[in-house]
Amino acid sequence: MSSQPASHGTRRVLLKLSGEVFGGGGIGLDTKVLRRTAEEIAEAVQAGVQVAVVVGGGNFFRGIELQENGMDRARADYMGMLGTVINAVALQDFLENSGIPSRVQTAITMSQVAEAYIPLRAIRHLEKGRVVIFGAGAGMPYFSTDTVSAQRALELRCNELLVGKNGVDGVYTADPRKDPQAVMLEELTYEQALRDHLKVVDAAAFSLCQDNGMTMRVFGMGTPGNVSRALRGEKIGTLVTTTPNN
């Protein structure tokens, strides 16, 4: 097994999908959204893209919200991790139904439903054309799935980190749902994102990508076909880089 970057000409990406995406903006699983997402991932895989996925669990549990209602933060975060595994197994099922072999790896051991997270094994799966779906976050409380996405993208030697969002189609100068004057940015640097407190992902994920030169693209999940477009490397949403491109 090799820990080297994807071979020349091969595109390997990490796709981060929030729990809100899986729930279609609500609680539980939206099977129509799952089916469409799986079919679009399958399309990219069939075109030769190596795809790893980190899933959130906000459609079931959000640790911070549970903490605000009196629950111990660490226990609340563990509940959130279990929610991500439900999403990971669901996505695996829809991918398999789309003809794409896939594996779930989790940071918390649960051998009856998933493999343990082993980076070299994950890379080998990707090289064989399998989608690898990561559940249970980092396996530790106080770490967001945004941060896990950046870490997995770096450890798997991905070319790019793709962040699919529900309700927005990129990074804006402010929250477009609150500020009608907010403007979407086609490109920005991590330094700008951190300086202006743009919270499309958490600051730790921005910093990790900045420190290690990982490109991030933030795009909206609302338009059919966007997942395939992002996975194939098309210009979509907002590109976030270490240095300005102009």
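Residues numbered from 1 in each chain as written. Predicted model: local features only at pLDDT ≥ 70, side-chain atom pairs only at ≥ 80, totals over all residues. Heavy atoms only, no water.

> A description of the pairing of strand S3 (residues 102–106) should follow, citing residues and the corresponding values.
Burial analysis of S3 places four of its five residues in the buried class, the great majority of the element. Two elements, S3 and strand S5 (residues 131–135), share five bridges in a ladder whose sense is parallel. Paired with Arg-103 across the two strands is Val-132, which belongs to S5. Relative to strand S4 (residues 115–116), S3 runs parallel, the two being bridged by two bridges. Within the sheet, the bridge partner assigned to Gln-105 lies in S4 and is Glu-115. (Buried < 20%, exposed > 50% of the residue type's maximum accessible area, 1.4 Å probe, protein only. Helix = DSSP H or I, 4+ residues; strand = E, 2+ residues; numbered from the N terminus. Pairing = 2+ DSSP bridges.)

> Describe helix H8 (residues 203–212), with residues and values.
Buried within H8 we find Ala-205, Phe-206 and Cys-209. One face of H8 carries all of its buried residues, which in axial projection span an arc of 100 degrees. Buried residues along H8 sit in contact with helix H6 (145–155), strand S6 (160–165), helix H7 (190–195), strand S10 (216–220) and strand S11 (238–241). (Arc of directions from axis to C-beta. Contact = heavy atoms within 4.5 Å.)

> Which residues make up the pattern of salt bridges, and what values go with them?
Taken as a whole and assessed by the stated rule, the structure comprises 13 salt bridges. A salt bridge links Arg-36 to Glu-40; its shortest N-O distance comes to 3.6 Å. Here Glu-40 and Arg-36 lie together in helix H2 (residues 31–46), a separation of four residues that amounts to about one turn. Take Glu-40: its relative accessible area is 8%, and that puts it in the buried class. Arg-195 is the salt-bridge partner of Asp-196, the closest N and O atoms lying 3.2 Å from each other. Note on Arg-195: relative accessible area 52%, which makes it exposed. Connected through salt bridges with shared partners, the residues Glu-43, Arg-229, Arg-232 and Glu-234 form a single ionic network. (Salt bridge = Lys/Arg side-chain N within 4 Å of Asp/Glu carboxyl O.)

> Explain a nonpolar patch on the surface to me, using residue names and the numbers behind them.
Together, Met-140, Tyr-142 and Phe-143 make up a nonpolar patch on the protein surface, roughly 350 Å² of accessible area in all. Note on placement: Tyr-142 falls in the loop between S5 and H6. (Patch = residues over 30% accessible without salt bridge, like charges linked within 9 Å, V, L, I, M, F, W, Y side chains within 5 Å. Areas by Shrake-Rupley, 256 points an atom, 1.4 Å probe, with all protein chains shown as cover.)

> Describe the side chain of Asn-226, with residues and values.
Examined against the element boundaries, Asn-226 turns out to sit in helix H9 (residues 226–232). A distance of 2.8 Å separates the side chain of Asn-226 from the backbone oxygen of Gly-220, its partner in a polar contact. Contact partners of Asn-226, with chain neighbours within four places excluded, come to Glu-40, Phe-219, Gly-220 and Ile-236. (Polar contact = N/O pair within 3.5 Å; in protein donor to acceptor, adjacent residues only side chain to side chain.)

> Tell me about the state of the cysteines, residues and numbers included.
Within this structure, the stated rule accounts for zero disulfides. With no disulfide of its own, Cys-158 lies 11 Å from the sulfur of Cys-209, the closest cysteine sulfur. Using a relative accessible area of 9% as the deciding quantity, one classes Cys-158 as buried. On the basis of relative accessibility, which here comes to 0%, the residue Cys-209 falls in the buried class. (Disulfide = S-S within 2.5 Å.)

> Account for helix H4 (residues 73–97), naming residues and giving values.
Owing to its 3.6 residues per turn, the α-helix brings residues three or four apart onto one side. In this model, H4 (25 residues) spans 37 Å end to end at C-alpha, consistent with the 36 Å of a helix rising 1.5 Å per residue. Taking the backbone nitrogen of Ala-74 as reference, a side-chain oxygen 3.2 Å away marks Asp-72 as the first, capping residue of H4. Immediately beyond the C-terminal end of H4, within one or two residues, lies Gly-99, with a positive phi of roughly 90 degrees. (Expected span 1.5 Å × (residues − 1).)

> Provide a residue-level description of the nonpolar core, including the pertinent values.
Counting 33 residues, the largest nonpolar core has Ile-41, Val-53 and Leu-91 as the members making the most contacts within it. Sorting elements by how many residues they give to this core places H2 first, with seven residues. Within the second largest apolar cluster, 30 residues are counted, among which are Ala-52, Val-163, Val-171 and Ala-205. (Core = buried A, V, L, I, M, F, W, Y, C linked by side-chain atoms within 4.5 Å.)

> So, the UniProt feature "binding site: ATP" (unreviewed entry) in the protein chain: which residues are in play, and what are the values?
What UniProt calls "binding site: ATP" (unreviewed entry) maps, in this numbering, to Lys-16, Leu-17, Ser-18, Gly-19, Gly-58, Arg-62, Asn-166, Tyr-172 and Asp-175. Mapped onto the secondary structure, Ser-18 falls in the loop between strand S1 (12–17) and helix H1 (19–22). If sequence neighbours within four positions are ignored, Ser-18 has contacts with Gly-56 and Gly-164. Mapped onto the elements of the fold, Asn-166 is located in the loop between S6 and strand S7 (171–172). Among all residues touching Asn-166, those that are not within four sequence positions of it are Glu-20, Val-21, Gly-24, Gly-25 and Arg-177. (UniProt positions renumbered as here; feature names shortened; annotations may be inferred.)

> Report on the packing of aromatic side chains, specifying residues and quantitative values.
Under the definition given, this model contains two aromatic pairs. Above the ring of Tyr-117, the side-chain terminus of Arg-152 is found at 3.7 Å from the ring centroid. Sitting over the ring of Phe-134, Arg-152 keeps its end group 5.5 Å from the ring centre. (Phe/Tyr/Trp six-rings, centres within 6.5 Å; stacked < 30°, edge-to-face > 60°. Lys NZ or Arg CZ within 6 Å of the ring centre and 35° of its normal.)

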